[in-house]
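# What the coordinates show
Letter by letter, the chains look like this.
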Amino acid sequence: MPYRSGQKPGRGTYVCTGCGECRDLNYDTDPLPSCDRCNNNLFTRY
Ligand SMILES: [Zn+2]
């Protein structure tokens, strides 16, 4: 089940499904942003 940008899936590392770029969320209140590299909106948990 992928996570979308704008959701707050909690602290952890997420991987862009488009390009594989990793993104860390440091706080449970952080919303998942769009991918910096490819602007994709879907991520999976690392
Ligand atoms: Zn990407």
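Here we summarise the structure given alongside this text. (Residues numbered from 1 in each chain as written. Predicted model: local features only at pLDDT ≥ 70, side-chain atom pairs only at ≥ 80, totals over all residues. Heavy atoms only, no water.)

## Side note on the pairing of strand 4 (residues 42-45)
The condition is simple: Strands are treated as partners if at least two bridges between them are detected by DSSP. By definition, any uninterrupted DSSP run of H or I lasting at least four residues is a helix, any uninterrupted run of E lasting at least two residues is a strand, and each is numbered from the N terminus.
Relative to strand 4, strand 1 (residues 3-4) runs antiparallel, the two being bridged by two bridges. Bridge assignment links Y3 to a residue of strand 4, and that residue is F43. In the sheet, strand 2 (residues 12-16) pairs with strand 4 via three bridges, with the strands oriented antiparallel. Pairing of C16 across the sheet is with F43, part of strand 4.

## With respect to unusual backbone geometry
Filter applied, for reference: Any residue under 20% of the maximum accessible area for its type is buried, any over 50% is exposed, and the rest in between are partly exposed; the area is computed with a 1.4 Å probe on protein chains only.
Its identity is not glycine, yet N39 carries a phi of approximately 65°, on the positive side. Here N39 is to be found in the loop between strand 3 (22-25) and strand 4. The exposure class of N39 is exposed, given its relative accessible area of 57%.

## Some points on the pattern of salt bridges
For clarity, the threshold we go by: Should a side-chain nitrogen of Lys or Arg be within 4 Å of a carboxyl oxygen of Asp or Glu, the pair is scored as a salt bridge.
Taken as a whole and assessed by the stated rule, the structure comprises two salt bridges. Among the salt bridges present, the one from R37 reaches E21, with a minimum N-O distance of 2.6 Å. On the criterion of sequence distance, the pair formed by R37 in the loop between strand 3 and strand 4 and E21 in the loop between strand 2 and strand 3 is long-range, its members being 16 residues apart. Note that R23 is salt-bridged to D36, the shortest N-O span being 3.0 Å. With R23 in strand 3 and D36 in the loop between strand 3 and strand 4, the pair connects residues that are 13 residues apart, well separated along the chain.

## A few points about the packing of aromatic side chains
How we decide: Note on ring pairs: Phe, Tyr and Trp rings are taken, using the six-membered ring of Trp, and paired if centres are within 6.5 Å. Classes follow the plane angle, with under 30 degrees stacked, over 60 edge-to-face and the rest tilted.
This model, assessed by the stated rule, comprises one aromatic pair. On the basis of an interplanar angle of 80° and a centroid distance of 5.5 Å, the ring pair of Y3 and Y14 is categorised as edge-to-face. Residue Y3 is found in strand 1, and its partner Y14 is found in strand 2; the two are separated by 11 residues along the sequence. Since its relative accessible area comes to 24%, Y3 is described here as partly exposed.

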